[in-house]
Amino acid sequence: MKLGVNIDHVAVLREARRVNDPNILNAMFTAINAGADQITIHLREDRRHIDDTDTINIINLCTIPVNLECATAITDIVLELSPHRATIVPERREELTTEGGLNLASPELPSTIAAMNETGIDVSLFIDPNSDDIIAAKELGANTIELHTGSFANAYLMAYSNIPKTKFSIKSLEHTNAKEALEFELDRLKKAAKFAKNIGLNVAAGHGLNYQNVGLIANIPEIFELNIGQSIIARSIFTGLSQAIKDMKELIK
Ligand code: PXP
């Protein structure tokens, strides 16, 4: 099981003070030395954390594969920089993080994917775990899909953490049986991973994965890679980034 470390949150902290501290390249080299298999970054349309200079530097200096997440609106720069992989994600300006899977009926997707395939970029689509979207991803010419684990992660938080007692309680799950919701979401992910692998797609997963819930996803044999950001960077405040990555690697082994 490979680990893509999403270092966006280092840039989030940097942008909070608008000084070059913490330095995103230090984070990248630390992640590489700690055993990350891939560096993942999300270049947003409004460049609110990772910016073009970061992206260029990371792609040029990184000694392991770079997975550049982006919305279709900014794929010109992706084609120009040609990272190892581009993961196409949905994006709404006002969202805190990527909230759902990609809408595969977007008219600009076929030409974007074709152009990336032509450039030799591994194209991944960030999708919800259902067979219709998996078939559509295959038909669109993607080589890889990343299954959105956000609903699974939310159900896990509501079932097994203190979040329901805090202001971060997930409203949509407050009147449901969280353990049943978790079973349902895990089952959906397992079925989706199997189905996708069977039709020849590489299957990654990510969003909301943390040190508590990751084992359930790492146990799904068809999934080859997890992309994880928030929980690793959050833990690094207490343990240092290198140790936080090593702890996650150990768990997903
Ligand atoms: N994968 C994709 C496609 C994402 O958009 C994100 C969030 O930027 C992640 C993985 C990482 O999610 P998290 O920060 O919750 O671990």
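Description of the structure in this document. As the structure is a prediction and not an experimental result, all values here were calculated from the model. (Residues numbered from 1 in each chain as written. Predicted model: local features only at pLDDT ≥ 70, side-chain atom pairs only at ≥ 80, totals over all residues. Heavy atoms only, no water.)

**Some thoughts on the overall build of the protein**
Then step 1. In terms of regular secondary structure, the protein is built from 11 helices and eight strands.
Then step 2. Here the protein holds 253 residues, and 52% of them are scored as buried.
Then step 3. Within the protein, counting contacts between residues at least 6 apart in sequence, those at least 24 apart form 65% of the total.
Then step 4. In the form shown here, the protein has an accessible surface area of approximately 12,100 Å², with 50% of it arising from carbon and sulfur atoms.
Then step 5. Side chains of the protein carry 24 positive and 33 negative charges; the gap between the two charge centres is 7 Å. (Helix = DSSP H or I, 4+ residues; strand = E, 2+ residues; numbered from the N terminus. Buried < 20%, exposed > 50% of the residue type's maximum accessible area, 1.4 Å probe, protein only. Contact = heavy atoms within 4.5 Å. Areas by Shrake-Rupley, 256 points an atom, 1.4 Å probe, with all protein chains shown as cover. Lys, Arg positive; Asp, Glu negative; His and termini not counted. Charge placed at Lys NZ, Arg CZ, Asp CG, Glu CD.)

**A word on the pattern of salt bridges**
Here the idea is simple: oppositely charged side chains can pair when their charged atoms come close.
Then step 1. Scanning all chains against the criterion turns up 13 salt bridges.
Then step 2. For Asp54, the salt bridge is made with Arg14, and the minimal N-O distance between the two is 2.7 Å. With a gap of 40 residues between them, Asp54 in helix H3 (residues 52-61) and Arg14 in helix H1 (residues 8-17) connect regions that are remote in the sequence.
Then step 3. In this structure Asp54 comes out as buried when scored by relative accessible area, which is 7%.
Then step 4. Where Glu15 meets Arg18, a salt bridge forms, and the shortest distance between an N and an O atom there is 3.5 Å.
Then step 5. Exposure remark for Arg18: the relative accessible area of 68% places this residue in the exposed category. (Salt bridge = Lys/Arg side-chain N within 4 Å of Asp/Glu carboxyl O.)

**Describing the pairing of strand S5 (residues 122-127)**
Regular strands place their side chains on alternate faces of the sheet.
Then step 1. With six of six residues buried, S5 lies mostly within the body of the structure.
Then step 2. Bridge count for strand S4 (residues 85-88) against S5 is four bridges, and the pairing is parallel. Following the sheet pairing, Ile88 is matched in S5 by Leu125.
Then step 3. As paired strands, S5 and strand S6 (residues 144-148) are joined by four bridges and run parallel to one another. In the strand pairing of S6, Ile127 is matched with Leu147.
Then step 4. After leaving S5, the chain enters helix H6 (residues 131-139) and then returns to the sheet as S6, a path that is right-handed. (Pairing = 2+ DSSP bridges. Right-handed = clockwise from strand over helix to strand, strands pointing away.)

**A closer look at the packing of helix H10 (residues 230-239) against helix H11 (residues 241-252)**
Helices that pack against each other are described as a pair by the angle of their axes relative to one another and the distance between those axes.
Then step 1. Taken N-terminus to C-terminus, the directions of H10 and H11 make an angle of 125 degrees; their axes are 7 Å apart at the nearest point. Classified by the interaxial angle, the pair formed by H10 and H11 is oblique. Taken as a pair, H10 and H11 cross one another with a handedness that is right-handed. Seen from H10, the contacting residues are Ser231, Ile232, Ile233, Arg235, Ser236 and Thr239; seen from H11, they are Leu241, Gln243, Ala244, Ile245, Asp247 and Met248.
Then step 2. The residue makeup of the contact of H10 with H11, split by class, is six nonpolar, four polar and two charged. (Axes fitted to C-alpha atoms, helices over the stretch in contact; angles between N-to-C directions. Parallel < 35°, antiparallel > 145°, perpendicular 65-115°, else oblique. Left-handed = near helix turned anticlockwise from the far one by under 90°. Nonpolar A, V, L, I, M, F, W, Y, C, P; charged D, E, K, R; others polar.)

**Points about helix H8 (residues 178-198)**
Then step 1. With 21 residues, H8 extends 30 Å from end C-alpha to end C-alpha; this agrees with the ideal 30 Å at 1.5 Å per step.
Then step 2. Along H8, the residues classified as buried are Ala178, Ala181, Leu182, Glu185, Leu186, Leu189, Ala192, Ala193 and Ala196. Taken around the axis of H8, the buried residues stretch over an arc of 130 degrees, which confines them to a single face. In H8, the exposed positions that point more than 90 degrees away from the buried face belong to Glu180, Glu183, Phe184, Lys191 and Asn198.
Then step 3. At the N-terminal boundary of H8, the capping side chain belongs to Asn177, with an oxygen 3.0 Å from the backbone nitrogen of Lys179.
Then step 4. Remark: Gly200 follows H8 within two positions and exhibits a positive phi of approximately 95 degrees. (Expected span 1.5 Å × (residues − 1). Arc of directions from axis to C-beta. Polar contact = N/O pair within 3.5 Å; in protein donor to acceptor, adjacent residues only side chain to side chain.)

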